[in-house]
Amino acid sequence: MEIDSNTSFLNRIPSFMPGISMDFVVFGYKERTLHILMLKYLNTDAWALPGGFLPKDAEMDKVAHAILEDRTGVSNIFLDQFYTFNSLNRGWDCNDVSRNAFEKLRETWNKEEKETLDEWFGQRFISTAYLSLMNAQEVVPDPDYISDDCAWVPIEELPSVVLDHELMIQKALEYIRLRINYLPIGRSLLEEKFTMSDLQALYEAILGRKMDAGNFQRKMKKLNMLNRHEKLMTGAANKAPYLYSINDEVYDRLLEQGIGFT
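Quick notes on the rules
Residues numbered from 1 in each chain as written. Predicted model: local features only at pLDDT ≥ 70, side-chain atom pairs only at ≥ 80, totals over all residues. Heavy atoms only, no water. Buried < 20%, exposed > 50% of the residue type's maximum accessible area, 1.4 Å probe, protein only. Helix = DSSP H or I, 4+ residues; strand = E, 2+ residues; numbered from the N terminus. Pairing = 2+ DSSP bridges. Phe/Tyr/Trp six-rings, centres within 6.5 Å; stacked < 30°, edge-to-face > 60°. Expected span 1.5 Å × (residues − 1). Arc of directions from axis to C-beta. Salt bridge = Lys/Arg side-chain N within 4 Å of Asp/Glu carboxyl O. Contact = heavy atoms within 4.5 Å.

(A) View of the pairing of strand β6 (residues 126-133). Of all eight residues making up β6, seven are buried, and the element is well covered by its neighbours. By the bridge criterion, eight bridges tie strand β1 (residues 16-30) to β6 in an arrangement that is parallel. Residue serine 21 lies in a different strand from β6, and its bridge partner there is serine 127. Where strand β5 (residues 78-85) meets β6, seven bridges bridge the pair, whose relative direction is antiparallel. Bridge pairing in β6 places glutamine 81 opposite tyrosine 130.

(B) Quick look at the packing of aromatic side chains. Taken as a whole, this structure holds 19 aromatic pairs when the rule is applied. Ring centres of phenylalanine 82 and tyrosine 175 lie 5.9 Å apart, and the angle between their planes is 40°; this geometry places the pair in the tilted category. With a gap of 93 residues between them, phenylalanine 82 in strand β5 and tyrosine 175 in helix α5 (residues 165-178) connect regions that are remote in the sequence. Looking at phenylalanine 82, the relative accessible area reads 11%, which means it is buried. Since its relative accessible area comes to 17%, tyrosine 175 is described here as buried. Ring geometry for tyrosine 203 and phenylalanine 216: centres 6.3 Å apart, planes at 55°, overall tilted. Placement of tyrosine 203 in helix α7 (residues 196-207) and of phenylalanine 216 in helix α8 (residues 213-223) is noted, with a sequence separation of 13 residues between them.

(C) View of unusual backbone geometry. The residue glutamate 31 is not glycine, and still its phi comes out positive at about 50°. Positionally, glutamate 31 belongs in the loop between β1 and β2 (33-41). Of the residues examined, glutamate 31 reaches a relative accessible area of 69% and is grouped as exposed. Even without a glycine there, the phi angle at asparagine 224 is positive, about 60°. Take asparagine 224: its relative accessible area is 54%, and that puts it in the exposed class.

(D) Geometry of α5. Its 14 residues give α5 an end-to-end C-alpha distance of 20 Å, which sits within 8% of 20 Å, the value for a rise of 1.5 Å per residue. All of the buried residues along α5 are His165, Met168, Ile169, Ala172, Leu173, Tyr175 and Ile176. Down the axis of α5, the buried side of the element spans an arc of 160°, and every buried residue falls inside it. The exposed set on the far side of α5, more than 90 degrees from its buried face, consists of Glu174 and Leu178.

(E) Broad picture of the pattern of salt bridges. Counted by the stated rule, this structure contains ten salt bridges. Residue aspartate 248 is joined to arginine 187 by a salt bridge in which the shortest nitrogen-to-oxygen separation is 3.0 Å. Taken together, the residues aspartate 248 in helix α9 (residues 248-257) and arginine 187 in helix α6 (residues 185-189) connect sequence positions 61 residues apart. Judged by relative accessible area, aspartate 248 falls into the partly exposed class, the value being 40%. For the salt bridge of aspartate 252 with arginine 187, the shortest nitrogen-to-oxygen distance reads 2.7 Å. With a gap of 65 residues between them, aspartate 252 in helix α9 and arginine 187 in helix α6 connect regions that are remote in the sequence.

(F) Looking closely at the environment of glutamate 69. Topologically, glutamate 69 is positioned in helix α2 (residues 60-72). Put simply, glutamate 69 and aspartate 149 are 80 residues apart on the chain and 16 Å apart in space, counted from C-alpha to C-alpha. In this structure, glutamate 69 is in contact with Val74, Ser75 and Ile77, ignoring residues within four places of it in sequence.

Structure follows, in structure tokens:
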């Protein structure tokens, strides 16, 4: 799915389904803060979510996995369709950030490219949005051909974004909060081994509220979905926290019925 130049993308346009796109809200977690994987367009200060188009001869979910694998270098990807964005006002003239970014992009196109790409990007797109959860430490962000940066951005420090991508992020956050008991949050976002405090901080970051440490620990232990390991030795042994990992068999069974501890 990798496209490395205007010309190669131009040649592929006839193979794409017109008016259909995909966008990805990829959540990562580091420094006890939720992050979003974003692209910065060439020669602009405008950022966007990763996205792509659907070939006429391919299934959307398979293409979605391929696009994200290109952007992240990760092959075992959790993806969940969460919303379809179909507003009449989804074009590049929807706001100043989008208009300015598109004009900057057009400056990189020659006359032949502008004729075709103006027509392609000028049409109305209905976008299927995917939620993805990734271990930020495993991702090697890779810009696409119209971007000069691909990076994890703290969700509380989001820059100006194009189109309706801010709304997509809001909807994704609402979705993850609503479905938190059915999504592989801990397994996807944390390192293989983590402390109970790490796990609690992750859920607090997602839910946007503090949780009582004692109650959280009791509920987690009652679920029997964690394997306890050695202590994390950072100082005095009596104060060192235990390390835990996910018991996949129990975790998968709980996810089917809803973990139910929030």
